[in-house]
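Geometric and topological summary
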Amino acid sequence: MCGIVGIIGRSPVAPLMVEALRRLEYRGYDSAGVATLESGHLTRRRAQGKLVNLEARLKELPLAGFVGIGHTRWATHGAPNEANAHPHATERVAVVHNGIIENFQALREEIREAGRTLSSDTDTEVIAHLLTLALQRGLSPRDAMAETLGKLQGAFAMAALFEGHDDLLIAARRGSPLAIGHGHDEMYLGSDAIALSPFTDRITYLEDGDWAVITRRSVEIFDEGGRRVERPMTHAVAASLTVDKGNHRHFMLKEIHEQPEVISHTLGHYVDFVTGRTMLPAEAPIDFSRLSRLSISACGTAYYAGLVGKYWFERLARLPVDIDIASEFRYREMPLDPDGLALFVSQSGETADTLASLRYCRKAGQKIAAIVNVPTSTIAREADFVLPTLAGPEIGVASTKAFTCQLSVLFALAVAAGRQRGILSDADEERLVTAAMEVPRLVSQTLKLEGRIEGLAKEIAKVKDVLYLGRGTSFPLAMEGALKLKEISYIHAEGYAAGELKHGPIALIDETLPVIVIAPHDRLFEKTCSNMEEVAARGGRIVLVTDRAGAAATHMATMETIVLPDAAEEVTPLVYAVPVQLIAYHTAVVMGTDVDQPRNLAKSVTVE
């Protein structure tokens, strides 16, 4: 969740941008930089590491411009060094960018063929060069941005500064958030309203697909189709120093919508999108080829992430996996293989049962790895290897973005394990990395189905029981969907393996019971269809979550069919997690429950 800021001011903006970036430090970063226009000319300062390094650079070489852009970067493409730090610039344009440009390799080749030289390993730099090429053909900055956006594939947010235009910023979002702050003959831009709180309390949030032309006294906003649109101005708490909900009703909804961005940052920590290869962090030197068994333990949503991981490790790496709910793990007194690895998954890193299981494995002489969202947590400190999720603070009690970031780490690890164990070829790895690179865009597209899901939630809210079904990696998602619904709407729900339907749950089915079937059109789809037929024959109300091929292949009547974008079979859990989250969220809103702080629950369970 790296951060973007931009300011058109009445005094030098570099110190103000550093102040704004400091308010985005909670999002995590490994380098920072700013660019301004001085007498119409682009100048920039960048530094690896924390903001203090950038401040030292600015003290040594100040910037005096009244308009500028700034950025804190989490490396996704290229090493976390100064050359890859943002802003990226040509002789005419400077750009800051969050997200992933999926087709950057093809665009890099197009740029080289046009005679231009690239100076970084990033996907971001292609944006600056595409804009420059358009300007060289005589296009205005506005038209250059419109043309460039049409060439970019992926989920992202960006802001651009143009040589000779000291009263102009152009920004765009497709998946990642952006907010515009309104001042008096001054304008501001930020990834979060909190970055703008020292300057203004008047905020306009760009909607997905929007792009904006910003001057000192005006903002023009266009939708993805290029049509001029109006977005409402809201008032934020100017003195706020904490993460806020932005323009979302609840933290949970904000965190659901942050997933395209946080998934891209997490994947970027474990995958080299330039080479199409996985890369384990240097601080986690795991040799999967030497492992005889992997033992995973977690609680709640993290357990379901681990269960998806079990499918991935066993299928992609042929590595046997034991997985236990942490509260059962140590009491089962399972024998642990001396050549095994114990992997613990926790959002907070303080989960009492998970921590107790870790200590049990430590006493048994196991190597310990931890997937956590809080790198300073107890579990992180006591593990041999820490595998961070880069979800940023998760305020809602019901985990959403932490779950998909856990899945992102587990997927990358499973692919790395497959390569190390000789199960996956170079071509297999490249295909799977490409599939992962597409996930942020696919999640962004899925979020556009929210209106339809909101309508479905009004029907779900009328019932007392809901059944979720899935096969393969969709089985853990079925259990996660049921857990989410229980947690925040208080409706009883159960998740089952679809093949278990006739071994008991089928007795529950009647004309009042919604059955939510998670069924991408994969190698197990026909089997799941047979289970749906059994539900339909007994009057059950089917909600089918599938893709275009699955919808076309299903001829039975459904209560609702939610058609998700096509995704590679291996990465569908990352995409299909989103609709089950949205079903639970909107049902809870209809029910009028406390979505962010549901009764009887705590964010971090620190007692057994």
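Within an unreviewed UniProt entry, the label attached to the protein chain reads Glutamine--fructose-6-phosphate aminotransferase [isomerizing], and the organism entered is Propylenella binzhouense. The Subunit (unreviewed entry) comment attached to the protein chain in UniProt states, word for word, "Homodimer." According to its UniProt record, the protein chain has this under Function (unreviewed entry): "Catalyzes the first step in hexosamine metabolism, converting fructose-6P into glucosamine-6P using glutamine as a nitrogen source."

Attention now goes to the overall build of the protein chain. Counting its regular elements, the protein chain contains 19 helices and 27 strands. Its C-alpha radius of gyration of 24 Å places the protein chain within 12% of the 25 Å reference for a compact globule of 608 residues. Dimensions of the protein chain, computed from the C-alpha atoms along their principal axes, are close to 75 × 55 × 50 Å. Residues counted as buried form 61% of the 608 residues belonging to the protein chain. Carbon and sulfur atoms make up 49% of the accessible area of the protein chain, which amounts to about 22100 Å² in all. Seen as two clouds, the 63 positive and the 77 negative side-chain charges of the protein chain have centres 1 Å apart.

This part takes up the packing of aromatic side chains. Taken as a whole, this structure holds seven aromatic pairs when the rule is applied. Between the aromatic rings of W211 and F222, the centroid separation amounts to 4.7 Å while the plane-to-plane angle is 25°, which identifies the pairing as stacked. Separated by 11 residues along the polypeptide, W211 in strand β12 (residues 211-214) and F222 in strand β13 (residues 219-222) bring together distant segments of the chain. Taking relative accessible area as the criterion, W211 reaches 7% and is therefore assigned buried.

With that settled, consider unusual backbone geometry. Peptide bonds are, in most cases, trans, and in most cases residues other than glycine have a negative phi. Going from H86 to P87, the amide bond is cis rather than trans, its omega being 0°. For S39, which is not glycine, the phi dihedral falls at a positive 55°. One can find S39 in the loop between β2 (31-38) and β3 (41-48). Of note in the backbone geometry, Y490 takes a positive phi value of approximately 70° without being a glycine. As for its position among the elements, Y490 is in the loop between α16 (474-489) and β24 (492-497).

Counting 120 residues, the largest nonpolar core has L131, L152, F313, L387, V466 and Y468 as the members making the most contacts within it. At 11 residues, helix α19 (residues 572-591) tops the list of elements feeding residues into this core. Those residues in contact with V466 that lie beyond four places of it in its chain are I460, L485, I491, H492, A493, E494, L513, P514 and I516. In terms of nonpolar packing, the next biggest core, distinct from the first, is built from 26 residues, I7, Y188, I194 and Y205 among them.

Counting buried positions along strand β21 (residues 367-372) gives five out of six residues, so the element sits mostly inside the fold. Two strands pair when backbone bridges link them, and strand β20 (residues 341-346) and β21 are joined in this way by six bridges, in the parallel orientation. Looking at the pairing, L341 lines up with K367 of β21. Between the parallel pair β20 and β21, the chain is carried across by helix α11 (residues 352-363), and the sense of this crossover is right-handed.

In this section: the packing of α16 against α19. In the contact formed by α16 and α19, the axes pass within 9 Å of each other and the chain directions differ by 20°. Judged by the inter-axis angle, α16 sits roughly parallel to α19. The element α16 and its partner α19 pack so that their crossing is right-handed. Contact with α16, carried on its side by L477, G481, K484, L485, I488 and S489, involves P573, Y576, A577, V580, I583, A584, Y585, T587, A588 and M591 of α19 and no other residues of that element. Partitioning the contact of α16 with α19 into residue classes produces 12 nonpolar, three polar and one charged.

Next up on the list: the sheet that holds strand β7 (residues 154-162). Read from one edge of the open sheet, seven strands run β5-β6-β7-β8-β12-β13-β14, paired in antiparallel fashion. The strands lining the two open edges of the sheet, one partner per strand, are β5 (88-89) and β14 (228-229). The pairing of β12 with β13 spans four bridges and is classified as antiparallel. What sits directly across from A212, in β13, is I221. Most of the contacts of helix α4 (residues 125-136) go to strand β6 (residues 93-101), to which it runs at about 130°, and overall it touches β5, β6 and β7.

Turning our eyes to something else, we now look at the UniProt feature "domain: SIS" (unreviewed entry) in the protein chain. In the numbering used here, UniProt assigns the "domain: SIS" (unreviewed entry) feature to residues 284-423 and 456-598. Taken end to end, residues 284-423 has its terminal C-alpha atoms 21 Å apart, with 44% of it in helix and 19% in strand. Helix makes up 42% of residues 456-598 and strand 20%. Its end C-alpha atoms lie 21 Å apart.

To continue, consider the side chain of R174. Examined against the element boundaries, R174 turns out to sit in strand β8 (residues 169-174). Looking at R174, its side chain comes within polar contact range of the main-chain oxygen of L149, at 2.9 Å. Other than its neighbours up to four places away in sequence, R174 contacts L149, L152, Q153, G154, A155, F156, D208, G209, E224 and S444.

On to the pattern of salt bridges, then. Under the counting rule described, the total for this entry stands at 37 salt bridges. Note that E186 and R10 form a salt bridge whose closest N and O atoms lie 3.8 Å from each other. Of this pair, E186 sits in the loop between β9 (179-182) and β10 (187-190) while R10 sits in the loop between β1 (3-8) and α1 (14-22), placing them 176 residues apart in sequence. Residue class for E186 comes out buried when judged on its relative accessible area of 14%. We classify R10 as exposed; its relative accessible area is 52%. Salt-bridge contacts for K462 lead to E459; the nearest nitrogen and oxygen are separated by 3.2 Å. In this structure, a network of salt bridges that share partners links the residues R173, R174, D208, E224 and K448.

Calculation criteria
- Residues numbered from 1 in each chain as written.
- Predicted model: local features only at pLDDT ≥ 70, side-chain atom pairs only at ≥ 80, totals over all residues.
- Heavy atoms only, no water.
- UniProt positions renumbered as here; feature names shortened; annotations may be inferred.
- Helix = DSSP H or I, 4+ residues; strand = E, 2+ residues; numbered from the N terminus.
- Rg over C-alpha atoms; globule rule 2.2 N^0.38 Å.
- Buried < 20%, exposed > 50% of the residue type's maximum accessible area, 1.4 Å probe, protein only.
- Areas by Shrake-Rupley, 256 points an atom, 1.4 Å probe, with all protein chains shown as cover.
- Lys, Arg positive; Asp, Glu negative; His and termini not counted.
- Charge placed at Lys NZ, Arg CZ, Asp CG, Glu CD.
- Phe/Tyr/Trp six-rings, centres within 6.5 Å; stacked < 30°, edge-to-face > 60°.
- Core = buried A, V, L, I, M, F, W, Y, C linked by side-chain atoms within 4.5 Å.
- Contact = heavy atoms within 4.5 Å.
- Pairing = 2+ DSSP bridges.
- Right-handed = clockwise from strand over helix to strand, strands pointing away.
- Axes fitted to C-alpha atoms, helices over the stretch in contact; angles between N-to-C directions.
- Parallel < 35°, antiparallel > 145°, perpendicular 65-115°, else oblique.
- Left-handed = near helix turned anticlockwise from the far one by under 90°.
- Nonpolar A, V, L, I, M, F, W, Y, C, P; charged D, E, K, R; others polar.
- Polar contact = N/O pair within 3.5 Å; in protein donor to acceptor, adjacent residues only side chain to side chain.
- Salt bridge = Lys/Arg side-chain N within 4 Å of Asp/Glu carboxyl O.

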